[in-house]
Amino acid sequence: MYLSIFCIFDLCAANEQRKKFFSTSGGLDSLSDLISSTEVTEGRVEYFRLFRASNRIINSINMLLLGIDLGSSSVKASVIDGETGKCLATAFSPSDEMKIIALKSGWAEQDTEVWWENLRNAVKSCTVKLGSLASGIGAIGISYQMHGLVAVDSSKKVLRPSIIWCDSRAVGYGEVALISLGRDFCLSHLLNSPGNFTASKLAWVKENEPETFKKISKIMLPGDYAAMRMTGAISTTYTGLSEGVFWDFSENRVSVELMNYYGFDSGLLPDAGSSFSIQGRLLKSVASELGLPEGIPVSYRAGDQPNNALSLNVLNPGEVAATAGTSGVIYGVTDVKKYDKQSRVNTFLHVNHSPADERLGVLLCINGTGILNSWLRRITGGTLSYNEMNALAKDVAPGSDGLTILPFGNGAERMLENREAGSHISGLDFNRHNNGHLYRAAQEGIAFSFRYGLDIMKETGIDPKIIRAGEANMFLSKVFREALSTITGIVIHLYNTDGSIGAARGAGIGCGYYKTDNEAFRGLDAVGVTEPDEAKLPEYEKAYERWKHYLELI
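Residues numbered from 1 in each chain as written. Predicted model: local features only at pLDDT ≥ 70, side-chain atom pairs only at ≥ 80, totals over all residues. Heavy atoms only, no water.

Details of the state of the cysteines
When the sulfur atoms of two cysteines share a covalent bond, that bond is a disulfide.
Then, number 1: A full pass over the atoms with the stated rule returns 0 disulfides.
Then, number 2: No disulfide involves Cys365; its sulfur sits 9.3 Å from that of Cys166, the nearest cysteine.
Then, number 3: Take Cys365: its relative accessible area is 17%, and that puts it in the buried class. (Disulfide = S-S within 2.5 Å. Buried < 20%, exposed > 50% of the residue type's maximum accessible area, 1.4 Å probe, protein only.)

What follows is the structure in structure tokens.
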């Protein structure tokens, strides 16, 4: 039996209700009646804790937590048992991939209504699987694709498709802003160049779609939009403001200089709060649509990469997380404000940052990772599964028999100083190379991109000996893990988690259900370790030098 519970009650009232409960002998039914009859205010979690601590309630009575991961390929939802961390239901939508609209070269947009449709489908699939247990879901966490721009009018109507993270149209705006504001100012205050981030995307809209810009009441990130659809409230997080490059790290506030330079009214930005906080409650109409209890809080929100770090319990300086989905990321936590002078890596506020206990996330992003793998799958017939592609790649020796692939075909690459370098296949021999060579060369090329970027990250003090990653996407491939571990000399630890499960854990932290890290990360287990293969290192080093040679030619 699972109970639907909310967040932290007044302790005196909780004690009175506790006395009332323990003076009865009705057991679970009386607790259920008590909870359902209690006025919905802040804090059924504290009731729950008191009841559980009494040993009068069996351990199976737990809050369930819902995590939603809004990506650019799909939306994934997972429900976990708050007590054990066990995933009870998971689903994603669509079954293939969401469409990216590219009206011009370098553009990338998505329809926000498609996001909502797939979010609804994924969540509804979970609640249907859970049946009556879905009434025990007590909080929601949201992870989302970073750096996107959603613009709404005063009635919360979306004014145009979202300009998403891999769209390159605003690169020039960011470059001019860097010069105009001053490189020293941008890097010392913003810890980034304005680049191709949300602020620069909004500047593009202002200049190129002035009628649309005039109608904008608020701008949001993709996760802010999802939360608005659920709760009716428009808000963002401090972490989100930093990922849009609106945040002044030196002054600990929105950058007045950047807002004035672009001519943005401060009212365009939503009110901000902590990533872990009550950010609105589920509307009755939406609860009915999703099969969820009315009024449960959205209590966590973070971009996909900070959230991936959270999902892997990467919260402290020196710890490093990685992903390799549509894009590839290395994300390291630090408490020191350092920056790359060429701004090839980015720094954002981490989910657990506070002015008194600074936690910053240094992010290396490679746009073309899993998207290269999916492109190869389509272009070679589309009939093989990724597991079958990985098996063919494994049959080819390291170095791919001289075949080299540069994976930079998904927009401007920050690591390459915002160049749109494009993807390149070099050394192709029609008489020797087959699909297996292509699959392996792609995975090696992605691993080599990580190595290239890690060398840059070392300049900011990020020098990992261990990388934590979820057992998902390209990390499912032994070829990719071996190539990455060997060419970097770093041990890879895989865990049984993903972004949606991380968002669910974040929801438990945000609503106060979890009081300590040990509670929040119960059930997070290592499922595999990959160590550098010294015997194969010479072949990988030879292939990496060849890869760098081709990179220098473009």
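What follows continues from the structure just given.
Brief notes about the nonpolar core
Then, number 1: Counting 66 residues, the largest nonpolar core has Leu65, Leu202, Ile216, Phe246, Tyr262 and Phe264 as its most contacted members.
Then, number 2: Examining the composition of this core, we find that 5 residues originate from one element, helix α7 (residues 198–208), more than from any other.
Then, number 3: Not counting the four nearest positions on each side in its chain, Tyr262 is found in contact with Tyr173, Gly174, Ala177, Pro194, Ala199, Ser200, Ala203 and Lys206.
Then, number 4: If you look at the next biggest cluster of nonpolar residues, it comprises 48 residues, including Val345, Leu438, Met474 and Ala543. (Core = buried A, V, L, I, M, F, W, Y, C linked by side-chain atoms within 4.5 Å. Helix = DSSP H or I, 4+ residues; strand = E, 2+ residues; numbered from the N terminus. Contact = heavy atoms within 4.5 Å.)

Comments concerning the environment of Leu363
Then, number 1: The residue Leu363 is located in strand β17 (residues 360–366) in this model.
Then, number 2: Linking Leu363 and Tyr331, residues 32 residues apart in sequence, is a C-alpha distance of 4.6 Å.
Then, number 3: Setting aside residues no more than four positions away along its own chain, Leu363 makes contact with Met146, Gln305, Val329, Ile330, Tyr331, Val345, Asn346 and Phe348.

Details of helix α9 (residues 222–231)
Then, number 1: Most of α9 is tucked away: 9 of the 10 residues are buried.
Then, number 2: Listing the buried residues of α9 in full gives Pro222, Gly223, Asp224, Tyr225, Ala226, Ala227, Met228, Met230 and Thr231.
Then, number 3: Just downstream of α9 lies Gly232, where phi reads positive at about 80°.

Looking at the sheet that holds strand β1 (residues 64–70)
Then, number 1: The 5 strands lie next to each other as β3-β2-β1-β5-β13, forming an open sheet whose pairing is mixed. Looking at strand neighbours, the two that pair on one side only are β3 (87–93) and β13 (298–303), the edges of this open sheet. Each adjacent strand pair in this sheet contributes to an overall mean axis angle of 15°, direction not counted.
Then, number 2: The pairing of β1 with strand β5 (residues 137–144) spans 7 bridges and is classified as parallel. Of the residues in β5, the one forming a bridge with Leu64 is Ile137.
Then, number 3: Most of the contacts of helix α13 (residues 304–311) go to β13, to which it runs at about 110°, and overall it touches β5 and β13. (Pairing = 2+ DSSP bridges. Axes fitted to C-alpha atoms, helices over the stretch in contact; angles between N-to-C directions.)

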